Amino acid sequence: MSKIEEVLATIALSEGCVLKKSSTNKVIPRGLPLDVEYFYTHYDSVDFYLDEPFGIRIVTLGEVIPTNKVLYPEGDVIWEELEGDISNDWYLIAESEQVGQYISIDLDSNYLGQCYDSYIDIHAVTGEAMVIAQSFTELLERLCQSKGEQWYWATGDFISYGDAYEDREE
């Protein structure tokens, strides 16, 4: 059993988590990390502890769109600032819309699968764009373990992977 399969099996058995199996065949776009491709081939989404203060949902495949488009209205002045920015390769992978918490996954081939804290006030801000998982599988595992009690990357025992903008040229 692969790591993604193990994590999904744990999620399926976890009280407070709802793993929604895919009921239709989907066309999976190219360029996704393999664990993301596996997930969307077999499942539609996951609800993690939505009754808890820090519940969050893995979005459906149709909602995996550029996070910038989710957070910033078309024509907003921010689009000039974001021209050529690395955040243009970040796609929405999880949301808790009511509290403005979003998680992005990087689809740039050099950083494929890294996940970022895209809280509405800090998304695409140099020095604030924390790498919170090195893969989608790690993100799923940590969200399940958090039990919706707090954002796992905001705990004192989370070892940071750094900022998404570190050592990158825009």
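Thresholds applied
Residues numbered from 1 in each chain as written. Predicted model: local features only at pLDDT ≥ 70, side-chain atom pairs only at ≥ 80, totals over all residues. Heavy atoms only, no water. Phe/Tyr/Trp six-rings, centres within 6.5 Å; stacked < 30°, edge-to-face > 60°. Buried < 20%, exposed > 50% of the residue type's maximum accessible area, 1.4 Å probe, protein only. Salt bridge = Lys/Arg side-chain N within 4 Å of Asp/Glu carboxyl O. Helix = DSSP H or I, 4+ residues; strand = E, 2+ residues; numbered from the N terminus.

A. Examining the packing of aromatic side chains more closely. The full count for this structure, using the stated rule, is 10 aromatic pairs. Arranged with centres 5.0 Å apart and planes meeting at 85°, the rings of Y152 and W153 form a pair that is edge-to-face. Pair check on accessibility: Y152 and W153 agree, each one buried. Under the relative-accessibility criterion, Y152 is labelled buried at 8%. Three or more aromatic residues joined by ring pairs make a cluster, and in this case those are F54, W151, Y152, W153, F158 and Y161.

B. Representation of the pattern of salt bridges within the structure. Summed over the entire model, instances satisfying the criterion amount to six salt bridges. Here K20 makes a salt bridge to D47, at a shortest N to O gap of 3.1 Å. Within this pair, whereas K20 is found in strand β1 (residues 17-21), its partner D47 is found in strand β2 (residues 43-48), the two being separated by 27 residues in sequence. Residue classification places D47 among the buried residues on the basis of a relative accessible area of 9%. Close ionic contact of E138 with R142 constitutes a salt bridge, the shortest N to O distance being 2.9 Å. With E138 and R142 both in helix α5 (residues 136-146) and four residues apart, this pair spans about one turn of that helix. Taken together, the shared-partner salt bridges connect R57, E63 and E95 into one network.

Nothing here speaks to function; it is all geometry.
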